[in-house]
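Coordinates in review
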Amino acid sequence: MADSIMSKAATMEIPINSNGDTGSLPEDDSLEQVSHICDLQQVMVSGPNLNETSIVSGGYGGPAGGIIPTSSIKGPMHHSPSNSGLASEEVSRGVAVEKLDSVKKWGINTYKCTKQMFSERFGRGSRTVDLELEAQIEVLRETKYKYENILRLATALTSHFHNMVQTQQALGDTFADLSQKSPELQDEFGYNAETQKLLCKNGEALLGAINFFVSSINTLVNKTMEDTLMTIKLYENARLEFDAYRSDLEELSLGPRDAAAMVRIEMAQHEYQIHRDKYERLRSDVTIKLKFLEENKVKVMHKQLLLFHNAISAYFAGNQQQLEQTLIQFNVKLKPPGSDKPSWLEEQ
């Protein structure tokens, strides 16, 4: 259809007046269609420039004031998803590189420490020794072992004595029941029932003192001493690392002194200084903790041994008043009867 219109337009005559202007053309729908088609073909050939495209307000062929350049329109720009993908990829690559460096440093450190440990074990390497501190650490380990034995025996005593008190209580209840059912032996059963109840009461007081003793020893051994031994373990690891890097620096210092070797020596000197500072800091921490541990141990054991002696002596002497005064003196609070049994809510 467009070809037929174009051929028709080509055969038309356009009258021109003497001034060279086109004359008034008759209104022809086909000519108007040809004009539109030509404009569209020109637009398709040249193609629009997105930066210079204009929006026409009004109709086609309106005034120039109604043209708005699109370059002046500011709105939200949508970034390409490829930018965010590249950013996340960079972050992932950085994390991977950091982890790789960490694993590399750990591997080098482990190798050096293992080498140093075998060298010391087979007598080919030297180690840093603080004789006074090493002696204190050895004394602490022996003391902990002996205190653990005291704790084990005291716990066994508590268990056996608890069973004895429970047996005395059951025996006293049985005597009291028989005193009601045996008129001919009512007095005898009654005396024994009262004796067992008194022993049971004093036994519970002594049991409270022993439990307090066991709890204090347990805190001293498994918390205070254990915390100091953990610091000692860190100190020993730091000592091994320090000697490993010290030996590495000594080996490099005995080698050639070219440019590459000097760079390695400088790096080894830096690592040596770092591990030396760490070793000295932990050695100072161990020295301080050993001092405070010794003071705390003497203070705690002085109180607990005095409590244990006074409570045992008062119980087996049958001195109920002295036993009660001992509990008050050391601020030992007894649990009410039946407090060890779970509540009805816990049994549900």
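The name given to the protein in an unreviewed UniProt entry is ADP-ribosylation factor interacting protein 2a, and the organism recorded there is Myripristis murdjan.

So, about the layout of surface pockets. Unfilled space is identified by rolling a water-sized probe across the atoms. Estimated volume of the second largest pocket: approximately 390 Å³. Together, 14 residues line the second largest pocket, and Ile108, Lys112, Tyr245, Met267 and Glu271 are the ones closest to its centre. For the lining of the second largest pocket, the element with the highest residue contribution is helix H6 (residues 259–316), accounting for six residues. Grouping the constituent residues of the lining of the second largest pocket by class yields five nonpolar, three polar and six charged.

With that settled, the discussion passes to the confidence of the model for the protein. Per-residue confidence for the protein averages 77 on the pLDDT scale, and 72% of its residues sit at or above 70. Averaged pLDDT values for the elements of the protein fall to 41 in strand E1 (residues 54–56) and rise to 94 in helix H4 (residues 131–181). Counting interchain partners and residues more than four positions distant, the pLDDT-below-50 stretch residues 4–38 has 20 contacts. Per-residue pLDDT stays below 50 along residues 43–79; that stretch engages in 20 contacts with residues further than four places along the chain or on separate chains.

Attention now moves to the UniProt feature "coiled-coil region" (unreviewed entry) in the protein. Following the UniProt record, one finds the feature "coiled-coil region" (unreviewed entry) at residues 265–296. End C-alpha to end C-alpha, residues 265–296 measures 46 Å, and it is 100% helix and 0% strand.

Once that is clear, we can look at the packing of aromatic side chains. For the coordinates displayed, the defined rule picks out seven aromatic pairs. A ring pair is formed by Phe242 and Tyr279, whose centres lie 5.2 Å apart and whose planes are at 5°; its orientation type is stacked. Taken together, the residues span a long stretch of sequence, with Phe242 in helix H5 (residues 186–253) and Tyr279 in helix H6 at a distance of 37 residues. Residues Phe242 and Tyr279 agree in their burial class; the two are buried. Ring pairs connect the aromatic residues Tyr235, Phe242, Tyr272 and Tyr279, which therefore count as one cluster.

Now for the nonpolar core. By size, the foremost hydrophobic cluster in this structure holds 43 residues, and its most contacted members are Ile137, Leu140, Ile232, Tyr235, Val286 and Leu290. Secondary-structure elements contributing two or more residues to this core are H4, H5, H6 and helix H7 (320–329). By residue number, the principal contributor to this core is H5, which donates 18 residues. Apart from the residues lying within four places of it in its own chain, the contact partners of Val286 are Leu133, Ile137, Thr231, Ile232 and Tyr235.

Below, the discussion takes up unusual backbone geometry. Notably, Asn331 is not glycine yet its phi reads approximately 55°, a positive angle. Tracing the backbone through its elements, the reader meets Asn331 in the loop between H7 and helix H8 (344–347). Classification of Asn331 by relative accessible area gives exposed; the value is 55%.

With respect to the secondary-structure elements, Ser179 resides in helix H4. Every residue in contact with Ser179, bar those within four places of it in the chain, is listed here: Gln186, Phe189 and Gly190.

This part takes up the environment of Lys303. In this fold, Lys303 is placed in helix H6. In this structure, the C-alpha to C-alpha distance between Lys303 and Phe213, residues 90 residues apart in sequence, is 9.2 Å.

Cut-offs applied
- Residues numbered from 1 in each chain as written.
- Predicted model: local features only at pLDDT ≥ 70, side-chain atom pairs only at ≥ 80, totals over all residues.
- Heavy atoms only, no water.
- 1 Å grid on protein atoms, 1.4 Å probe; cavity = no way out; pocket = protein on both sides within 12 Å on 5 of 7 lines; lining within 4 Å.
- Points joined across faces, edges and corners; volume = space filled by probe spheres on them.
- Helix = DSSP H or I, 4+ residues; strand = E, 2+ residues; numbered from the N terminus.
- Nonpolar A, V, L, I, M, F, W, Y, C, P; charged D, E, K, R; others polar.
- pLDDT = per-residue confidence, 0-100.
- Contact = heavy atoms within 4.5 Å.
- UniProt positions renumbered as here; feature names shortened; annotations may be inferred.
- Phe/Tyr/Trp six-rings, centres within 6.5 Å; stacked < 30°, edge-to-face > 60°.
- Buried < 20%, exposed > 50% of the residue type's maximum accessible area, 1.4 Å probe, protein only.
- Core = buried A, V, L, I, M, F, W, Y, C linked by side-chain atoms within 4.5 Å.

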